[in-house]
Amino acid sequence: MNLKAPRGTKDILPPESYLWLEIEQVVDDVARLFGFDEIRTPIFESSALFKRGVGETSDIVSKEMYLFSDKGGEEMALRPELTASVVRSAIEHNLISQQGALQRFYYNSAPMFRYERPQMGRQRQFHQFGVEVLGAASPLADLQTIAFGIAVYNRLGFKNFLLKLNTLGSEGSRTKWRSELVAYLRDNLDALSDDSKRRLEDNPLRVLDSKNPADQVIAAKAPSILDHLDTGDSDHFEELKVLLDAAGIKYEVTPTLVRGLDYYSRTVYELTSSDLGSQDALCGGGRYDGLIKQLGGPETPAVGFAAGVERLVIVLQKMRGAAERPAIDCYIAVQAENARKTLIDLASGIRNAGSSVMYDLQGRSMKAQMRDADRLKSRFVLIIGSDELARGEVTLKNMQTGEQRVLPVAEASNLKLS
Ligand code: HAM
């Protein structure tokens, strides 16, 4: 039998897994700097959560959910995204029940599942980090989520990314705009792609971000939400732009940016990278002021984003070349017979002092051990030779300079080599 990982999934193997560790560390560091708390929710939820939360007409829910019935007969879904789960959890545990309650959550390398057509940067199991701020209506909160994402990309050395910004208004302005948009699209029906003709009926906003060139010509001349905002919506958008300018964050207002999930209101945004192919969104997010109420909680404004880790890894590998295993501090090469106790004591002493140590586990020759030390890019090699050991000594070789010195075993087991 030829067993393989399911289509659209990927084993994350070393050395690439070191990149993942680095990204997770950076996200944790940034979360600490911003004072965000980590949240972890179940990988599967009742499918009703996503149907109600993300929207029945979104692609994610209508076509891409991994559904199964559990033995109790309840329909479950592998989570396609985390916003609905975070909101469910906050309502269930009364985290936003008090007036003025504010939660700043983040998640890191969380697996998500969407039955999509796999291609570069698009998988069926993928991972997201992201943030959800529950309880803040101010554009300062929108700015904070954007600044969080940018801090992660900056720390990883990203250069070629762009913030695309739009507003979808609140429900009132959106309804008016939507009916004008539908009328305009109906007038141009013949020129639309089959996909967009279908979308026009159940999710007309999505026609605007179609990748089809003919649709894009129509979308460019479509009525813009920006001409339909009420005062509250346009004040919010203007204020956010002022804050972005103050923070030195460049953006491009993109009236065709509508996002694929139904819960957004007012601010929506994406960071895109020119180092990615057609799936160029590094992350996406926005405000969802109606979602908490819609899922049974108190009326609470909220904003957040999520970022694909696989796409981040693609860009990092493009920038840096293939991932490499990080160098180790010390390799202990054993020549002497009966040196196991010395080997074990040295290794644990040096590790306790904070340096990384490896040694051979296969009984290989001295030459093979030195080759191994080279392959592992060990900065130092400790050699336990027969003559030295008889005198209670070992040899320390600096692999960068080639310099060697003999030292007592007791001193070697306290070495700090990092
Ligand atoms: P989303 O735009 O569906 O938003 O996904 C966010 C990011 O996840 C995308 O920009 C992309 O980097 C990554 N992503 C999505 N689908 C795939 C896939 N099939 N393969 C690889 N990467 C993918 C959300 O999920 C919202 N929950 C974001 C949000 C949080 N809005 C408010 N709060």
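Numbering of residues begins from 1 in every chain and follows the order in which that chain's sequence is written. The predicted origin of the model limits local features to residues at a pLDDT of at least 70 and limits the giving and counting of side-chain atom pairs to 80 or more, whereas totals for whole chains, interfaces and linings rest on all residues. Note that water and hydrogens are dropped before the side-chain values are worked out from all heavy atoms of the structure.

*Asks:* Account for the nonpolar core, naming residues and giving values.
*Replies:* In terms of nonpolar packing, the biggest core is built from 48 residues, with Phe-50, Leu-134 and Leu-185 touching the most fellow members. By residue number, the principal contributor to this core is helix H6 (residues 171–187), which donates 5 residues. We call a set of buried residues a nonpolar core when its members are Ala, Val, Leu, Ile, Met, Phe, Trp, Tyr or Cys and they connect through side-chain atoms within 4.5 Å of each other. Only protein chains enter the accessibility calculation, which uses a 1.4 Å probe. A residue is then buried if its area is under 20% of the maximum for its type, exposed if over 50%, and partly exposed in between. Of all hydrophobic cores here, the second largest spans 44 residues; its members include Phe-36, Phe-129, Leu-143 and Val-152. Note on conventions: DSSP H or I runs of at least 4 residues are helices, E runs of at least 2 residues are strands, and numbering of each starts at the N terminus.

*Asks:* Describe the pattern of salt bridges, with residues and values.
*Replies:* Whenever Lys or Arg places a side-chain nitrogen within 4 Å of a carboxyl oxygen from Asp or Glu, that contact is recorded as a salt bridge. Under the criterion given, the structure shown has 26 salt bridges. The partner of Glu-45 in a salt bridge is Arg-88, and the shortest N-O contact between them spans 2.7 Å. Of the two residues, Glu-45 sits in strand S2 (residues 44–46) while Arg-88 sits in helix H4 (residues 83–92), which places them 43 residues apart along the sequence. Residue Arg-206 is joined to Asp-209 by a salt bridge in which the shortest nitrogen-to-oxygen separation is 3.2 Å. Of the residues examined, Arg-206 reaches a relative accessible area of 15% and is grouped as buried. Overall, Asp-209 belongs to the partly exposed group, its relative accessible area being 24%. Counted as one network, the salt bridges with shared partners bring together Asp-360, Arg-364, Asp-372 and Arg-375.

*Asks:* Tell me about the domain arrangement of the protein chain, residues and numbers included.
*Replies:* Boundaries of every domain are those given by an automatic assignment or by a domain database. With domains assigned, the protein chain is organised as domain 1 (16–170 + 230–320) and domain 2 (330–412). Centre-to-centre separation of domain 1 and domain 2, based on C-alpha positions: 48 Å.

*Asks:* Explain the packing of helix H5 (residues 139–155) against helix H9 (residues 231–246) to me, and be specific about the residues and the numbers.
*Replies:* What counts as an axis is a line fitted to C-alpha atoms, over the stretch in contact for a helix, and the angles between N-to-C directions run from 0 to 180 degrees. Orientation of H5 relative to H9, taken along the N-to-C sense of each, is 45 degrees, at an axis distance of 9 Å. If you check the angle between H5 and H9, you find them oblique. As for how H5 packs across H9, the hand of that crossing is right-handed. Across from Pro-139, Leu-140, Asp-142, Leu-143 and Ile-146 in H5, the residues of H9 making contact are His-236, Glu-239, Leu-240, Leu-243 and Leu-244. Side-chain classes follow a simple rule in which Ala, Val, Leu, Ile, Met, Phe, Trp, Tyr, Cys and Pro form the nonpolar group, Asp, Glu, Lys and Arg form the charged group, and the remainder, Gly included, forms the polar group. For the contact of H5 with H9, the residue count by class is 7 nonpolar, 1 polar and 2 charged. If an angle is under 35 degrees, it is roughly parallel; if it is over 145, roughly antiparallel; if it lies from 65 to 115, roughly perpendicular; otherwise it is oblique. Two helices crossing with the near one rotated counterclockwise from the far one by less than a right angle form a left-handed crossing, whereas a clockwise rotation gives a right-handed crossing. Any two residues whose heavy atoms approach within 4.5 Å at even a single point are treated as in contact.

*Asks:* How would you explain the sheet that holds strand S12 (residues 330–334) if you had to name every residue and give the values?
*Replies:* At least two bridges found by DSSP between two strands are what make those strands a pair. Read from one edge of the open sheet, 5 strands run S13-S12-S14-S15-S16, paired in mixed fashion. The sheet is open, and its two edges are formed by strand S13 (357–359) and strand S16 (404–408), each paired on a single side. Strand-to-strand, the axes of this sheet are offset by a mean angle of 25 degrees, without reference to chain direction. Pairing of S12 with strand S14 (residues 380–384), which is carried by 5 bridges, proceeds in the parallel orientation.

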